[in-house]
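Commentary on secondary and tertiary structure
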Amino acid sequence: MSNEPQTQHKPRFGRTEKKLIKDALWDQNPISVQILGICSALAVTVMMTTTAVMCAAVLFVLTFSNMIVSALRKWIPPQIRIIAEITIIAALVIIADQFLKAFLFDISKQLSIFVGLIITNCIVLGRAEGFANSNPVVPSILDGASSALGYGWILMTVSFIRELLGSGTLFGFHVIPQAAYDAGYENMGIMVLAPGAFFVLGILIWIQRTLSERGGKKR
Amino acid sequence: MARGKAYVLQFTVLMCLATSTAVSVTAVALRPFQTLNAEFDRKRTVLNALGLAEAVRSAPDRPAVLELFDRRIRNILISPSGDVMKDTAADADASKGLPAYLLMKDTRPDAIAIPVYGRGLWSRLDGYLALESDLNTIRNLIFYKHGETPGLGGEIEKRWFSDNFKGKKIFDDRDRLVSVEVVRGQVKDVIHDSEAKLHAVDGISGATLTGRGVTHLLADILKKYEPFLDKHRSKGLNSL
């Protein structure tokens, strides 16, 4: 990470914090720019409800793993740094998974192993190792939460398109009127399959990067 | 800064203690909720396998599904020699006999579901096999718990895989228990005898070993229920 903010002698919420958030959400978006965490982005984006729960789980894990790693950064021995970070992340993921199994059973069943796989999501370890490990707690929390939201908005957009075109529903509610089906409209079968996610994500990355680059030139 | 070996060890022990405590406390505290969920899921699968999927879907909430279960399902225990031991409570001690669930239509049993379980490729598979009252034709086979790879072995939980089993027979035309085999590839490509086709279903591409697991667990479980099936097959479920 070459663009780590220098937080000494700066106001609590200054330009560095704003840049941190904007990078995570837009210019350095973990999915569309860094192309990390694609596995879950393809697997859990068939329905918006499951996607939202997945994003919430990632938000929880990423925010707290960044917070804990940052709080412990002076005590974590550099020799076992990665192992320590993974241990913390794994504990948080198991806790999140246990909560889902207890309170959102059906959705956790649909998410199957993908909540557990947050442990291996490159975004989480990437932020712990690349940011939290060398920055104070508050910016680390901010970085973790914004990275999760950067992941989240892309996934929600993908699942919005996939659920709308693939099932004619949004969050499980029918939005395409029966009249359209009667007139010959059909759901796109490919949208509920993995290739649908590839196409949608590919197009989204193209659009996002084009906009991002254009904004960069103007500045 | 590099630290000494003693410090690294100390840190490791403390970190492991802290994280394992956090994980254990969460798991133990949430277990009652998870047990309820698992029990609900199990009962819902029994209902779905026995053909009440529509009623389950239209049930407004969980208590309604459980009420449907209590109203329509009769639990029985089957002795190793094939006799029905007695009607039992929902949480009967399965070690004393083989559990089964009868779907009641008016006062007569209309179909029977038996729990099936065994090894897939990576994990234990749990499901229910429902048989028509002739104790030969499969009404449905639904797996509700597994840890197989989504998209590959995980397809066993999908509707299309369950649908393949509908109408298949577990006894052959000479009354021998042959169970049903999950073939490698598609039935139409590998089996040409029309009788044998009644005992085979399409495999899942990329999940041959999970399919083999399903084949084996069905054969093993049906073997245990064979005395019961033999004893009651001539008269069907109506004799119960």
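Keep in mind that this is a model prediction, so the values were computed, not measured.

1. Quick look at the overall build of chain B
Broken down by element type, chain B carries seven helices and eight strands. Within the span of chain B, comprising 240 residues, buried residues form 47% of the whole. Within chain B, counting contacts between residues at least 6 apart in sequence, those at least 24 apart form 53% of the total. For chain B, the distance from the average position of its 35 positive side-chain charges to the average position of its 30 negative side-chain charges is 5 Å.

2. Section: the interface of chain B and chain A
Listed per partner, the contact involves 21 residues of chain B and 24 residues of chain A. Overall, the association of chain B and chain A removes approximately 2,100 Å² of surface from exposure, summing both partners, and the carbon and sulfur fraction of that is 69%. Joining chain B to chain A, the criterion identifies two salt bridges. The closest approach of N and O atoms between arginine 44 of chain B and aspartate 106 of chain A, which form a salt bridge, is 2.9 Å.

3. Observations regarding the layout of surface pockets
Considering only enclosed or pocket space, the largest pocket measures out at about 1,900 Å³ in volume. Around the largest pocket, the lining comprises 45 residues; the ones closest to its centre are Asp106 and Gln110 of chain A together with Glu157, Lys158 and Arg159 of chain B. Listing elements by their share of the lining of the largest pocket, those giving two or more residues are helix H2 (38-43), helix H3 (48-71) and helix H5 (105-111) of chain A together with helix H1 (5-49), helix H2 (53-58), strand E6 (138-145) and helix H4 (159-165) of chain B. Taken together, the residues that form the lining of the largest pocket break down as 18 nonpolar, 14 polar and 13 charged. In this structure, the second largest pocket occupies an estimated 590 Å³ of space. The greatest single-element share of the lining of the second largest pocket, amounting to four residues, is contributed by H1 of chain B. Taken together, the residues of the lining of the second largest pocket sort by class into four nonpolar, seven polar and seven charged.

4. Topic: the pattern of salt bridges
When their charged atoms lie close together, side chains carrying opposite charge are able to pair. All names here are of chain A. In total, this model carries 23 salt bridges over all chains according to the counting rule given. The partner of glutamate 129 in a salt bridge is arginine 81, and the shortest N-O contact between them spans 2.7 Å. Of this pair, glutamate 129 sits in helix H6 (residues 122-130) while arginine 81 sits in helix H4 (residues 81-103), and the two are 48 residues apart along the sequence. Relative accessible area serves as the criterion here: at 25%, glutamate 129 is assigned to the partly exposed category.

5. Focus on the packing of H1 of chain B against helix H3 (residues 62-72) of chain B
Residues and elements named next belong to chain B. For the pair H1 and H3, the least separation of the axes is 10 Å and the interaxial angle reads 50°. Relative to H3, H1 is oriented oblique. Viewed along their axes, H1 and H3 form a crossing whose handedness is left-handed. The segment H1 lies against H3, with Leu36, Asn37, Phe40, Lys43, Val46 and Leu47 engaging Arg62, Val65, Leu66, Leu68 and Phe69.

6. With respect to the environment of leucine 98 of chain B
All names here are of chain B. Mapped onto the elements of the fold, leucine 98 is located in strand E3 (residues 98-105). Among the residues examined, leucine 98 registers a relative accessible area of 16% and is labelled buried. For the pair leucine 98 and asparagine 75, spaced 23 residues apart in the sequence, the C-alpha separation amounts to 11 Å. Other than its neighbours up to four places away in sequence, leucine 98 contacts Ile76, Leu77, Ile78, Lys224 and Tyr225.

Definitions and cut-offs
- Residues numbered from 1 in each chain as written.
- Chains lettered and ligands numbered in written order.
- Predicted model: local features only at pLDDT ≥ 70, side-chain atom pairs only at ≥ 80, totals over all residues.
- Heavy atoms only, no water.
- Helix = DSSP H or I, 4+ residues; strand = E, 2+ residues; numbered from the N terminus.
- Buried < 20%, exposed > 50% of the residue type's maximum accessible area, 1.4 Å probe, protein only.
- Contact = heavy atoms within 4.5 Å.
- Lys, Arg positive; Asp, Glu negative; His and termini not counted.
- Charge placed at Lys NZ, Arg CZ, Asp CG, Glu CD.
- Buried area = accessible area lost by both parts, 1.4 Å probe.
- Salt bridge = Lys/Arg side-chain N within 4 Å of Asp/Glu carboxyl O.
- 1 Å grid on protein atoms, 1.4 Å probe; cavity = no way out; pocket = protein on both sides within 12 Å on 5 of 7 lines; lining within 4 Å.
- Points joined across faces, edges and corners; volume = space filled by probe spheres on them.
- Nonpolar A, V, L, I, M, F, W, Y, C, P; charged D, E, K, R; others polar.
- Axes fitted to C-alpha atoms, helices over the stretch in contact; angles between N-to-C directions.
- Parallel < 35°, antiparallel > 145°, perpendicular 65-115°, else oblique.
- Left-handed = near helix turned anticlockwise from the far one by under 90°.

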